[in-house]
Every structure is written in C-alpha cells, then in structure tokens.
Amino acid sequence: MGHRFTRQSAGALFAAFAAFLLTRDITFDYFRHALPDWAYTASGLTGIAASIVAYPLAARWLRRLP
C-alpha cells in the first residue's frame, strides 16, 4: 500500500514545487491589486492548483525517459 519514493516521484515533486513557486510569484502582483485583502491566499491557492496539475504531468513524462 505504500508509495515508493523513486527518482520519477522525486522529479515530479520538484516540478510541482517549482510550479507552485512560479505561479505564486507571477500571480501575486495581480492579486495584490485585484484583491488586496486576499492576495496571499489567492496566489497561494493558485500555486497549489498549478502544483496539483504539474505533479501527474511530470510523473508521466519522467516515466517515459530511459
């Protein structure tokens, strides 16, 4: 039942973390002007959504590498 930590899952985790940071940094300035009271929350949630999408995509792509 346990999930083994492989190079592919480590790479996918790194891709998800990078997607979170990149998306959060890009959207924060927009949300700071659009939603000043919710800028941190909105940019954080956007980053989480990006990382949720990036993890399986990166895992699938990394499995195809030799």
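Some remarks on the environment of T23
No. 1: The topology assignment puts T23 in helix α1 (residues 7-34).
No. 2: Taking the C-alpha atoms as reference, T23 lies 6.8 Å from T46; in sequence the two are 23 residues apart.
No. 3: If we skip the residues at most four places from it in the chain, T23 touches T46, G47 and A50.

Points about the packing of aromatic side chains
No. 1: If you walk through the whole model with that rule in mind, you get two aromatic pairs.
No. 2: Relative to Y40, the ring of F28 lies with its centre 4.9 Å away and its plane at 40°, an arrangement referred to as tilted. A residue pair is termed long-range when its members are at least 10 positions apart, and F28 in helix α1 and Y40 in helix α2 (residues 39-63) qualify at twelve residues.

Some thoughts on the packing of α1 against α2
No. 1: Where α1 contacts α2, the two axes come as close as 6 Å, and the packing angle between them is 150°. The angle between α1 and α2 falls in the class roughly antiparallel. In this structure, the crossing between α1 and α2 has a hand that is right-handed.
No. 2: Each residue belonging to the contact of α1 with α2 can be placed in one class, and the counts come to 18 nonpolar, ten polar and three charged.

Digging into a nonpolar patch on the surface
No. 1: Where nonpolar side chains cluster on the molecular surface, the patch consists of L45, I48 and I52 and spans about 300 Å² of accessible area.
No. 2: Positionally, I48 belongs in helix α2.
No. 3: With relative accessibility at 43%, the residue I48 sits in the partly exposed group.

What to know about α1
No. 1: When the terminal C-alpha atoms of α1 are compared, their 40 Å separation across 28 residues agrees well with the 40 Å that a helix rising 1.5 Å per residue should span.
No. 2: The largest bend in α1 comes to about 40°, at F28.
No. 3: Burial in α1 covers these residues: S9, A12, A16, A19, F20, T23, T27 and F31.
No. 4: Check the buried side of α1 and you find it contacts α2.

Conventions adopted
Residues numbered from 1 in each chain as written. Predicted model: local features only at pLDDT ≥ 70, side-chain atom pairs only at ≥ 80, totals over all residues. Heavy atoms only, no water. Helix = DSSP H or I, 4+ residues; strand = E, 2+ residues; numbered from the N terminus. Contact = heavy atoms within 4.5 Å. Phe/Tyr/Trp six-rings, centres within 6.5 Å; stacked < 30°, edge-to-face > 60°. Axes fitted to C-alpha atoms, helices over the stretch in contact; angles between N-to-C directions. Parallel < 35°, antiparallel > 145°, perpendicular 65-115°, else oblique. Left-handed = near helix turned anticlockwise from the far one by under 90°. Nonpolar A, V, L, I, M, F, W, Y, C, P; charged D, E, K, R; others polar. Patch = residues over 30% accessible without salt bridge, like charges linked within 9 Å, V, L, I, M, F, W, Y side chains within 5 Å. Areas by Shrake-Rupley, 256 points an atom, 1.4 Å probe, with all protein chains shown as cover. Salt bridge = Lys/Arg side-chain N within 4 Å of Asp/Glu carboxyl O. Buried < 20%, exposed > 50% of the residue type's maximum accessible area, 1.4 Å probe, protein only. Expected span 1.5 Å × (residues − 1). Bend = angle between axes of the 7 residues up to and from the residue.

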